[in-house]
Amino acid sequence: MSGNPVHRSILAVDLENSTGVLRTNPIKEELRSQIYGQVKRAMASAGIDERWCDPFEDRGDGVLALFHPVDELPKTRLLSRLVPTLARQLADYNESISAADRPSRCMRLRAVVHAGEIHRDENGPFGEAIDLACRLLDAPRLKKCLRASTSPLVLAVSEDIYWGIVKHGYDGICPAAYRPDLRVSVASRRRQGFVHVPQEASGTPEDRTMAVA
């Protein structure tokens, strides 16, 4: 491994209620496949070539995607196209499930977008930037936000992404739709995260059945 880091944009998603009593191992396998497929479909719809992304890293009940810093993939595209597309896909998927199957097969995701320097060894990527993304993704207040929302997806962005991208309203991104609701600690430093709930997708009360993070 080289001691030098490489820059990546970071997207991670995590399934709500992945350990619920109705999530049997066969259903977990089905939902894992769905998560991978939904993220890849959203990438394609957003015009993100898989060549610009490292191989996905498995999170058990989620996915970590690391995007290369190429001009064809500005960070704005992750926020203005990829995330809303993924939210709409999840809404369509959940609506296609029968009411009887929703408690076990409904998919609601927490997502995070960050960017920074990462390292990689034979076991995979690591570094403070990934630590921060994972802390934001697992923040109790983000889990609470998803439980309280009818949207199938809630997004956290790091303060770096907020102040560098969101604040400026690039590509139709609305700064007012991001709330400074998260605080996490990484490397003895308090970090802020901003929460966004995509309004393009809507859920149903059934979507929240058995929603325990």
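Preceding block: the structure.
Owing to the predicted nature of the structure, the values given are computational and were not obtained by experimental measurement.

1. Some points on the environment of Ala176
Looking at the secondary structure, you find Ala176 in the loop between helix 6 (159–164) and strand 7 (179–186). Since its relative accessible area comes to 70%, Ala176 is described here as exposed. Through-space distance from the C-alpha of Ala176 to that of Glu117 is 28 Å; in sequence the pair is 59 residues apart.

2. A short note on the pairing of strand 6 (residues 153–158)
Consecutive side chains along a regular strand alternate between the two faces of the sheet. For strand 6, the tally of buried residues reaches 6 of 6 residues, placing the bulk of the element in the interior. Burial of the side chains of strand 6 extends over both faces: Leu153, Leu155 and Val157 are buried on one face and Val154, Ala156 and Ser158 on the other. Strand direction decides the pairing type here: strand 4 (residues 109–121) and strand 6, joined by 5 bridges, are parallel. Bridging from a neighbouring strand, Ala111 pairs with Leu155 of strand 6.

3. Remarks on the nonpolar core
Counting residues in hydrophobic clusters, the biggest one holds 42 residues, and the most contacted among them are Phe67 and Leu79. Residue assignment for this core shows that the elements contributing at least two residues are strand 1 (6–15), helix 1 (25–45), strand 3 (62–67), helix 2 (75–96), strand 4, strand 6 and helix 6. In terms of residues, this core owes the most to one element, helix 2, which gives 8 residues. Non-local contacts of Phe67, meaning those with residues more than four positions away in its chain, are made with His7, Arg8, Ser9, Leu11, Met43, Ile48, Trp52, Cys53, Leu73, Leu78 and Leu82. Counting residues in each nonpolar core, the second largest holds 24 residues, with Ile10, Ile130, Cys145 and Val197 among its members.

Cut-offs applied
Residues numbered from 1 in each chain as written. Predicted model: local features only at pLDDT ≥ 70, side-chain atom pairs only at ≥ 80, totals over all residues. Heavy atoms only, no water. Helix = DSSP H or I, 4+ residues; strand = E, 2+ residues; numbered from the N terminus. Buried < 20%, exposed > 50% of the residue type's maximum accessible area, 1.4 Å probe, protein only. Pairing = 2+ DSSP bridges. Core = buried A, V, L, I, M, F, W, Y, C linked by side-chain atoms within 4.5 Å. Contact = heavy atoms within 4.5 Å.

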